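Topology and contacts: notes
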2 protein chains.
Amino acid sequence: MNKFYEKTLSSEIVFKGKIFDIKHDEVQLSNGANSFRDIILHPGGVVVVPQKGNKIILVKQFRYAISEAIFELPAGKLELGEDPFIAAKRELLEETGYQAQNWQCLGFINTSAGICNEKLYLYKAEITDFIGQNPDENEIIDYYEFDIQEVFDMIKNGKINDAKTICGLMRAYKL
Amino acid sequence: MNKFYEKTLSSEIVFKGKIFDIKHDEVQLSNGANSFRDIILHPGGVVVVPQKGNKIILVKQFRYAISEAIFELPAGKLELGEDPFIAAKRELLEETGYQAQNWQCLGFINTSAGICNEKLYLYKAEITDFIGQNPDENEIIDYYEFDIQEVFDMIKNGKINDAKTICGLMRAYKL
């Protein structure tokens, strides 16, 4: 018998925010015990590995949650009902100013499966034309080119610690 | 002048949960604009890559947030004020029943830097004595051995999509 399940007994939205909501559920485990789960409901998003020859384009922005400006792959959240592939092209253009070709889907990741339903779809693409950045309101974001090997050195020496960026590069180059 | 900062204008805890809280802050960007940030405050945690010869031990458990039982590296959250290395040894023993030697720190990751301050410390270790599982109350968890190459195949073919697991294996073997 499958013991890996939890049955929802009750569910209540206890926080509504601009980016995510929180639900507080009572669940019954397969051993009969009851417990509570606070779950972050997130619309999901996309991450792009933009390649330019032997270089990668990363963006830099301040992340208020960790009080730090970090280098990361271009990424963004899905609009309501948006196709992830459309969102990936949109986010790459908004954040770096580039269009791209030879798009390849690299699957998805769950960023924090214990507490959050956030699912990020990963893509790799070869950049082509520079159109110009068009960041969201309240996004201050720069883009930089790095040698691919330099990016892996940054993951190794702890200069890049952003999970989606590490996962995107793993799926793109290391498997 | 550094444009990558946001100044806190006000901060309020708007949700208190068992695992995480939420704060709602008003911030001023470096361009003078004001905005709001909802941030998940998480105590942080640990992830262990437990090696046994050419095998890796993964655990399987149901993750209510994503409605799925998944294979992942042993992991858990920090107790208040707990040293991450102590937590790593504790979580490995609780979830797999194994002690380990030759512990190596692999740095940390931020799981979702846009919305959450969760920081996971990564370790690699060689397992030694089997003492016996001692999972947390309300954790139903099994452990399995996989060939290291098989685990990378599972990341490639989308059977493993858990970000902390992919990052831990990247830092342990692919750099």
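Presented here is an overview of the structure given in this document. (Residues numbered from 1 in each chain as written. Chains lettered and ligands numbered in written order. Predicted model: local features only at pLDDT ≥ 70, side-chain atom pairs only at ≥ 80, totals over all residues. Heavy atoms only, no water.)

Right, let's talk about the overall build of chain A for a bit. Within chain A one finds three helices and 10 strands. Starting at the N terminus and walking to the C terminus, you meet the elements of chain A as β-β-β-β-β-β-β-α-β-β-β-α-α. Expressed as a percentage of the 175 residues in chain A, the buried residues total 53%. Partitioning the contacts of chain A with sequence separation of at least 6, the portion at a separation of at least 24 is 56%. As presented, chain A carries roughly 7800 Å² of accessible surface, and 47% of it is formed by carbon and sulfur atoms. (Helix = DSSP H or I, 4+ residues; strand = E, 2+ residues; numbered from the N terminus. Buried < 20%, exposed > 50% of the residue type's maximum accessible area, 1.4 Å probe, protein only. Contact = heavy atoms within 4.5 Å. Areas by Shrake-Rupley, 256 points an atom, 1.4 Å probe, with all protein chains shown as cover.)

Before going further, it helps to examine the relation of the copies chain A and chain B. A rotation about some axis, followed by a shift along it, carries one copy of the chain onto the other. Mapping chain A onto chain B calls for a rotation angle of 180° and an axial translation of 0.0 Å; the resulting RMSD is 0.0 Å. Taken together, the turn and the small shift mark the pair as related by a two-fold rotation axis. Residue by residue, 100% of the interface of chain A is reproduced at the interface of chain B, so both copies engage with the same surface. (Least-squares fit on C-alpha atoms with pLDDT ≥ 70 in both.)

This part is about the sheet that holds strand β3 (residues 34-41) of chain B. Residues and elements named next belong to chain B. What the three strands build is an open sheet, ordered β1-β2-β3; its pairing is antiparallel. The two strands at the open ends of the sheet, each matched to only one other strand, are β1 (6-16) and β3. Pairs of neighbouring strands in the sheet enclose a mean axial angle of 25°, with direction left out of account. Strand direction decides the pairing type here: β1 and strand β2 (residues 21-29), joined by nine bridges, are antiparallel. By the bridge assignment, Thr8 is partnered in β2 with Val27. (Pairing = 2+ DSSP bridges. Axes fitted to C-alpha atoms, helices over the stretch in contact; angles between N-to-C directions.)

This part is about the pairing of strand β2 (residues 21-29) of chain A. Residue and element names in this part refer to chain A. With antiparallel pairing between neighbouring strands as the criterion, strand β1 (residues 6-16) and β2 make up a hairpin whose turn holds four residues. In this sheet, strand β3 (residues 34-41) lies alongside β2 in antiparallel orientation, the contact comprising eight bridges. Across the sheet, Glu26 pairs through a bridge with Phe36, a residue of β3. Here β2 hands over to β3 after four residues, with Gly32 in that stretch at a positive phi of 95°.

We now examine helix α2 (residues 148-156) of chain A. Along α2(A), the positions that sit buried rather than exposed are A:Ile148, A:Val151, A:Phe152, A:Met154 and A:Ile155. The buried residues of α2(A) occupy one face: seen down the axis, they fall within an arc of 155°. Residues of α2(A) that are buried make contact with β4 (45-52), β5 (55-63), β6 (68-72), β10 (141-147) and α3 (163-173) of chain A together with α3 (163-173) of chain B. Trailing α2(A) by a residue or two, A:Gly158 shows a phi angle of about 80°, which is positive. (Arc of directions from axis to C-beta.)

This brings us to the nonpolar core. Membership of the largest hydrophobic core comes to 46 residues, with the highest contact counts inside it found for A:Ile56, A:Leu169, B:Ile56 and B:Leu169. If we skip the residues at most four places from it in the chain, B:Ile56 touches B:Val49, B:Pro50, B:Gln51, B:Leu73, B:Tyr144, B:Glu145, B:Phe146, B:Ile148, B:Val151, B:Leu169 and B:Tyr173. (Core = buried A, V, L, I, M, F, W, Y, C linked by side-chain atoms within 4.5 Å.)

Before going further, it helps to spend a moment on the packing of aromatic side chains. This model, assessed by the stated rule, comprises 22 aromatic pairs over all chains. Between A:Phe71 and A:Phe146 the ring centres are 5.2 Å apart and the planes differ by 80°, which places this aromatic pair in the edge-to-face class. Of this pair, A:Phe71 sits in strand β6 while A:Phe146 is found in strand β10, placing the two residues 75 residues apart along the sequence. Among the residues examined, A:Phe71 registers a relative accessible area of 21% and is labelled partly exposed. Considering the side-chain rings of B:Phe85 and B:Tyr123, the 5.9 Å spacing of their centres and the 35° angle between planes classify their relative orientation as tilted. (Phe/Tyr/Trp six-rings, centres within 6.5 Å; stacked < 30°, edge-to-face > 60°.)

This paragraph deals with the environment of A:Asp21. Residue and element names in this part refer to chain A. Along the chain, the position of Asp21 falls in strand β2. Overall, Asp21 belongs to the buried group, its relative accessible area being 18%. Considering only alpha carbons, one finds Asp21 and Ile39, 18 residues apart in sequence, at a separation of 8.4 Å. Apart from the residues within four sequence positions on either side, Asp21 is in contact with Phe15, Lys16, Ile39, Ile40 and Leu41.

A few words on the side chain of A:Arg37. Among the secondary structure elements, A:Arg37 is positioned in strand β3. On the basis of relative accessible area, A:Arg37 is assigned to the buried category, the value being 19%. A polar side-chain atom of A:Arg37 sits 2.9 Å from a polar atom in the side chain of A:Glu6. For A:Arg37, the contacting residues outside a window of four places in its chain are A:Glu6, A:Lys23, A:His24, A:Asp25, A:Val27, A:Leu29, B:Tyr64 and B:Asn138. (Polar contact = N/O pair within 3.5 Å; in protein donor to acceptor, adjacent residues only side chain to side chain.)

With that out of the way, let us pick up unusual backbone geometry. Residue and element names in this part refer to chain A. Located in the positive-phi region is Ser67, a residue other than glycine, with phi close to 55°. Located in the positive-phi region is Asn102, a residue other than glycine, with phi close to 50°. When you line up the elements, Asn102 lands in strand β8 (residues 98-110).

Remark: α3(A) packs on α3(B), axes separated minimally by 9 Å, with the N-to-C direction vectors making an angle of 65°. Relative to α3(B), the element α3(A) lies roughly perpendicular. α3(A) and α3(B) meet at a crossing whose hand is left-handed. Facing A:Ala163, A:Ile166, A:Cys167, A:Leu169, A:Met170 and A:Arg171 of α3(A), the residues of α3(B) in contact are B:Ala163, B:Ile166, B:Cys167, B:Leu169, B:Met170 and B:Arg171. For the contact of α3(A) with α3(B), the residue count by class is 10 nonpolar, no polar and two charged. (Parallel < 35°, antiparallel > 145°, perpendicular 65-115°, else oblique. Left-handed = near helix turned anticlockwise from the far one by under 90°. Nonpolar A, V, L, I, M, F, W, Y, C, P; charged D, E, K, R; others polar.)

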